[in-house]
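Structure assessment
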Amino acid sequence: MFEVHQNPQPRTEAERAAILADPGFGLHFSDHMALATWTADLGWHDREVGAYRPFQLDPASAVLHYAQEIFEGLKAYRHANDSIWLFRPDKNAERFARSAARLALPVLPTEDFLSSIETLVTTDQAWVPGGGESNLYIRPFMFANEVFLGVRPARTVTYCCIASPAAAYFPNGVQPVNIWLSMNYVRAAGPGGMGAAKTGGNYAASLVAQQEAYEHGCEQVLFLDGAERKWVEELGGMNVYLVAGDELITPALEGTILEGVTRDSVLTLGAERGLVIQERRIAIDEVLDGIESGAITEIFACGTAAVINPIGSIKTAEKTYTINGGQSGPHTDGLRSTLLDIQYGRAEDTHGWMHKVC
Ligand code: COI
C-alpha cells in the first residue's frame, strides 16, 4: 500500500493546462511521486505517494560513485471516455526485477511496482493529457542510497516513480529519423555484461556516440555488438526492426540488448499482419547491402518513448544509405497505428495488454 500525502502546493489548473498544451518530452513533472525504501534489515518499507520534490543525497551515496541504478519507462493513456490505462505494466515489472537482479539491487515485488504506479497515476490523473498522441510517461527507478564508498551492493536503496506529461519523443514529431552507425563505441559489453538491463550505465555509454550522431546530422545511434563489431544490436534508446519482403526481422535476445516491451508487442502484431517473424543475428553488411539492393524496404525503431518511428537513413563516415527514399513504409505505418489504436482504446484489446487504472 502506497499511502497518499497530498502535495500542499500543487500547480494551479492554469499552470497545468499550459504544460499539457505543449508538454514536449521529459521536461515537466506532475505534482506527486511514489517513494519506498529498502534496507537490508527491514526490507521494503515507508511506501508513500507524496509531493514531487528534490532528494537530499549525501555526497557519499553509492549511486553517485558506482552507478548502481535501474529504471523503467511506461505510459498512461487517456481513452475517449476519460478512463486511464497502462500498457502491459506487468512486463515492465518483470524487466525491473531482472534489471535489479543484474545490478545486485533488491527486487521490488510486482504488486508494489504496480501499486506505486496506480496510486501515483490516480493521484495525478489530471496530468494525463487527452487528445492526439500525448500521454503521461511514467519513470520508475531505483538506486543505491547507502552512504559508503566501499564497492559492494548497497544496504540502503531508494525506489521512486515520477510522471511526466509527454508528446512525441523526437522534437520533429513522427518523421523518419537519420541514424548514425557507431563504429567507435559500443553501448554494452558482450554476454555477461549489462546490455539487457535497463540501467543508466548503458545510456551513459551511448552518449558520446549520440554526440557524434548529432554532429553528423543524425537523431539516434545504431550500435553493433561489442565483441566483433559485426552484429546489429540496438539504437541508443530503442530496439530496431527491418522489413525485407514479407519478413519482419529483429536482433535476437542474446543477453546484450534490451528486452523491449514494444519490441515484444511488435512480434505479435507483425505476425498478425501476416509477416514472417525472424529473431536472429543480423550482420551490418546484410543491412547496408539490403538497403542498396532494395531488398530491405523499411527499417524502424521502437520503444515505449518512441512508439514506432521510421528510419529514413543510416549514415556511416563514408556513405549515407537511404531507405525507401527516406520515407516511412506501409508496415511501419500499419504497425504503428495498430499499436496506438490498442493503447488509446480505439481498437479492441484482443491480447489483454491494457490495464485499467481509473
Ligand atoms: C523508453 O522508451 O521508455 C526509454 O526508456 C528510452 C529512452 C530513450 C527514453
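Presented here is an overview of the structure given in this document.

1. Re the overall build of the protein
Summing up its helical and strand segments, the protein has eight helices and 18 strands in all. Computed over C-alpha atoms, the radius of gyration of the protein comes to 21 Å, within 12% of the 21 Å expected from 2.2 N^0.38 for 358 residues, which places it in the range of a compact globule. On the principal axes, the C-alpha backbone points of the protein span a range of 60 × 50 × 35 Å. For the protein, with 358 residues in total, the buried portion stands at 53%. Counting contacts in the protein only where the partners sit at least 6 residues apart, residues at least 24 apart contribute 71% of the total. Approximately 15,100 Å² of the protein is accessible, and the part contributed by carbon and sulfur atoms is 52%. When the 27 basic and 44 acidic side-chain charges of the protein are each reduced to a single mean position, those positions are 2 Å apart.

2. Some remarks on the side chain of Thr-262
Mapping Thr-262 onto the fold places it in helix H6 (residues 261–272). What makes Thr-262 buried here is its relative accessible area of 5%.

3. Brief notes about the pattern of salt bridges
The final tally for this structure, using the stated rule, is 15 salt bridges. The salt bridge partner of Glu-234 is Arg-187, with a shortest N-O separation of 3.0 Å. Residue Glu-234 is located in strand E11 (residues 232–235), and its partner Arg-187 is located in the loop between strand E9 (177–181) and helix H5 (200–215); the two are separated by 47 residues in the primary sequence. A salt bridge links Glu-286 to Arg-280; its shortest N-O distance comes to 2.8 Å. Given the relative accessible area of 33%, Glu-286 is considered partly exposed. For Arg-280, a relative accessible area of 25% puts it in the partly exposed group.

4. Concerning the environment of Arg-152
Its location among the elements puts Arg-152 in the loop between strand E7 (135–144) and strand E8 (156–166). On the accessibility criterion, Arg-152 (26% relative accessible area) is partly exposed. Residues Arg-152 and Tyr-66, 86 residues apart in the sequence, show an inter-C-alpha distance of 9.3 Å. Apart from residues lying up to four places away in sequence, Arg-152 is in contact with Gln-68 and Glu-146.

5. Quick word on the packing of H6 against helix H8 (residues 330–343)
Contact pair H6 / H8: the axes reach a minimum separation of 11 Å and the direction vectors enclose 110 degrees. In terms of orientation, H6 lies roughly perpendicular with respect to H8. Seen from H6, the contacting residues are Thr-262, Ser-265, Val-266, Leu-269 and Gly-270; seen from H8, they are Leu-335, Thr-338, Leu-339 and Ile-342. In the contact of H6 with H8, the residues fall into five nonpolar, four polar and no charged.

6. As for the environment of Pro-59
Looking at where Pro-59 falls in the secondary structure, it is placed in the loop between strand E3 (43–51) and helix H2 (63–66). Pro-59 sits in the exposed class, given a relative accessible area of 65%. In contact with Pro-59, not counting residues within four places along its chain, are Leu-64 and His-65.

7. Digging into the nonpolar core
Core analysis: the largest hydrophobic core is formed by 34 residues, its most contacted members being Phe-113 and Tyr-159. Looking at this core, the elements that each hand over two or more residues are strand E2 (32–39), E3, strand E5 (74–78), strand E6 (84–87), helix H3 (89–102), helix H4 (110–123), E7 and E8. The element best represented in this core is H4, accounting for five residues. Those residues in contact with Phe-113 that lie beyond four places of it in its chain are Glu-72, Leu-74, Pro-89, Asn-92, Ala-93, Phe-96, Leu-108, Pro-140 and Tyr-159. Core analysis: the next-biggest nonpolar cluster, separate from the first, contains 26 residues, Leu-242, Ile-249, Leu-288 and Ile-323 among them.

8. With respect to the site of the ligand
For the ligand, the full set of nearby residues is Phe-71, Gly-73, Tyr-137, Arg-139, Tyr-169, Lys-198, Gly-237, Thr-304 and Ala-305. One of the side-chain nitrogen or oxygen atoms of Tyr-137 is found 2.6 Å away from an oxygen atom of the ligand. With respect to the ligand, the side chain of Lys-198 contributes an N or O atom lying 2.8 Å from an oxygen atom. Burial of the ligand by the protein amounts to 91% of the accessible area it has alone, namely 280 Å². Taking a 2 Å distance to the grid points as the criterion, the majority of the atoms of the ligand fall inside the largest pocket. Class assignment for the residues of the shell around the ligand results in four nonpolar, three polar and two charged. There are two domains that each give the shell around the ligand at least three residues, and those are domain 1 (3–166) and domain 2 (177–343).

Cut-offs and rules
- Residues numbered from 1 in each chain as written.
- Predicted model: local features only at pLDDT ≥ 70, side-chain atom pairs only at ≥ 80, totals over all residues.
- Heavy atoms only, no water.
- Helix = DSSP H or I, 4+ residues; strand = E, 2+ residues; numbered from the N terminus.
- Rg over C-alpha atoms; globule rule 2.2 N^0.38 Å.
- Buried < 20%, exposed > 50% of the residue type's maximum accessible area, 1.4 Å probe, protein only.
- Contact = heavy atoms within 4.5 Å.
- Areas by Shrake-Rupley, 256 points an atom, 1.4 Å probe, with all protein chains shown as cover.
- Lys, Arg positive; Asp, Glu negative; His and termini not counted.
- Charge placed at Lys NZ, Arg CZ, Asp CG, Glu CD.
- Salt bridge = Lys/Arg side-chain N within 4 Å of Asp/Glu carboxyl O.
- Axes fitted to C-alpha atoms, helices over the stretch in contact; angles between N-to-C directions.
- Parallel < 35°, antiparallel > 145°, perpendicular 65-115°, else oblique.
- Nonpolar A, V, L, I, M, F, W, Y, C, P; charged D, E, K, R; others polar.
- Core = buried A, V, L, I, M, F, W, Y, C linked by side-chain atoms within 4.5 Å.
- Near = heavy atom within 4 Å.
- Polar contact = N/O pair within 3.5 Å; in protein donor to acceptor, adjacent residues only side chain to side chain.
- 1 Å grid on protein atoms, 1.4 Å probe; cavity = no way out; pocket = protein on both sides within 12 Å on 5 of 7 lines; lining within 4 Å.
- Sits in = over half its atoms within 2 Å of the grid points.
- Domains from an automatic or database assignment.

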